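# Survey of secondary and tertiary structure
Chain residues, written in single-letter form:
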Amino acid sequence: MKKYLYIYNYSPNEQELCEMEFKQIFHEDMTSKYFLTNQDFDYQRSVYIKGKLHIHYMHQDFDKIIKDIEEDQLIYYEFKVIYLKNEITQVDYQDSLEKCKRVAFPIAGSVNMKHPQVIIAITKIHEQWLVGIYENDMVWSLRYEKPHSYSHSLNIRDARTLVNIAVGHQKQLSIVDPCCGIGTVVLEALSMGLNIRGYDINRYVSYQARLNLEHFCYDPLLIEKKDIHDLTSNFDVAIMDIPYGVYSPFTYEEQVSLLYAVFKIAKRLVLVSHIMMEKELENVGYRIIDSCHIQKGHFIRYITLCEV
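Residues numbered from 1 in each chain as written. Predicted model: local features only at pLDDT ≥ 70, side-chain atom pairs only at ≥ 80, totals over all residues. Heavy atoms only, no water.

## So, the side chain of E21
Residue position: E21 is located in helix α1 (residues 15–26). For the buried E21, no salt bridge is present, and the opposite-charge side chain at shortest range is R45, 7.3 Å distant. With residues near it in sequence (within four places) discarded, E21 still touches S46, Y48, T161, N164 and I165. (Helix = DSSP H or I, 4+ residues; strand = E, 2+ residues; numbered from the N terminus. Buried < 20%, exposed > 50% of the residue type's maximum accessible area, 1.4 Å probe, protein only. Lys, Arg positive; Asp, Glu negative; His and termini not counted. Salt bridge = Lys/Arg side-chain N within 4 Å of Asp/Glu carboxyl O. Contact = heavy atoms within 4.5 Å.)

Have a look at this one:
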């Protein structure tokens, strides 16, 4: 069975959110930044996965791996071989360099050290040597700069992670962002090929959100100016960054009313709030699955995943 090594990287204040995403994707708790599994996941969906190793050879005996490579008569053009350092098992630099040479030598084709088309990577996790094709393209970062944005909006990293928490592996789910603001969550979901619609009560903000979608060649009509209380369509999951009154007063009672409104259209919810609202969610009818918080300076956002 094919195996994969996912290599994670996150800052200390991102760890909780990363672990929450990991749990929804792989359905187990995160115990290491190096995750070996037979689950094939599109690593470009996660901002925390810095690389994915498609393992072709795995053995405690490195000589056995070299023998297998020779027998397979591999051919790659424009390739290079690298050693992936990890925090679990330290390998001496000269030893890692020698291992790279031994892997590269029996492979036919051509080498390109500066601009390779194929990266073959070696690493050692505990007692196992791993060799395979390594991918580390970060295409999601292309949307860092949008034509329209606000300082208090969710950043691209958090928005993308919320989408992954919302759907996990279930890319067929229908998603709604009923308070979409400038459209960052909608953009990130669309970039993953997901089915999402966005709504916002503010005419000017929803207009700017549509311009953001159009800028990245997505259908701007996927975002509409509409009050959440007026929505009648049902969705599999909602992602809601609940308004907290940045530019105009928004009371606690109004926030709670939004919870009742979203409950009518989605039985699974990822809520972003500036105060903990687990009790309020339970009163509405949701069951809490997981929660965490993210902090930027003195500002804290609480992330709660719940469903009926």
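## Quick notes on helix α5 (residues 184–191)
Judged by how many residues are buried, α5 sits mostly within the fold: seven of eight residues are covered. What α5 keeps buried is the set T184, V185, V186, L187, E188, A189 and L190. Tucked inside the fold, the buried residues of α5 contact α4 (156–167), β8 (174–177), β9 (195–200), α6 (203–215), β10 (223–225) and β11 (237–241). Residue G193 follows α5 closely and has a positive phi angle near 80°.

## Structural notes on α1
With twelve residues, α1 should cover 16 Å at 1.5 Å per step; its first-to-last C-alpha distance of 16 Å lies within 8% of that length. For α1, the complete set of buried residues consists of L17, C18, M20, E21, F22, Q24, I25 and F26. Buried positions along α1 lie against β1 (3–8), β2 (34–37), α4, β12 (268–273), β13 (287–296) and β14 (299–307). Looking one or two residues past α1, H27 carries a phi angle of roughly 60°, positive in sign. (Expected span 1.5 Å × (residues − 1).)

## Some words on the environment of E188
Within the fold, E188 resides in helix α5. E188 sits 44 residues away from Y144 along the chain, and the two C-alpha atoms are 11 Å apart. Residues contacting E188, with those up to four places away along its chain left out, are R143, I156, A159 and R160. A polar side-chain atom of E188 sits 2.7 Å from a polar atom in the side chain of R160. (Polar contact = N/O pair within 3.5 Å; in protein donor to acceptor, adjacent residues only side chain to side chain.)

## A short note on the packing of helix α2 (residues 62–72) against helix α3 (residues 93–104)
Relative to each other, α2 and α3 sit at 25°, their axes nearing to 9 Å. The pairing of α2 with α3 is recorded here as roughly parallel in orientation. Contacts between α2 and α3 pair F62, D63, I66 and I69 from the former with K99, R102 and V103 from the latter. (Axes fitted to C-alpha atoms, helices over the stretch in contact; angles between N-to-C directions. Parallel < 35°, antiparallel > 145°, perpendicular 65-115°, else oblique.)

## Looking at the packing of aromatic side chains
Scanning the entire structure with this criterion turns up nine aromatic pairs. Their ring planes at 70° and their centres at 5.8 Å tell us that F26 and F41 sit as a pair that is edge-to-face. Of this pair, F26 sits in helix α1 while F41 sits in the loop between β2 and β3 (49–59); the two residues are 15 residues apart in sequence, bridging distant segments of the chain. Here F26 matches F41 in class, with each residue buried. A network of ring pairs unites the aromatic residues Y4, Y6, Y8, F22, F26, F35 and F41 as a single cluster. Cation over ring: K33 sits above Y10, and NZ or CZ is 4.9 Å from the ring centre. Directly above the aromatic system of F263 lies the positively charged group of K267, at a separation of 4.1 Å from the ring centroid. (Phe/Tyr/Trp six-rings, centres within 6.5 Å; stacked < 30°, edge-to-face > 60°. Lys NZ or Arg CZ within 6 Å of the ring centre and 35° of its normal.)

## A closer look at the side chain of S96
Structurally, the position occupied by S96 is in helix α3. Other than its neighbours up to four places away in sequence, S96 contacts Y83 and V91.

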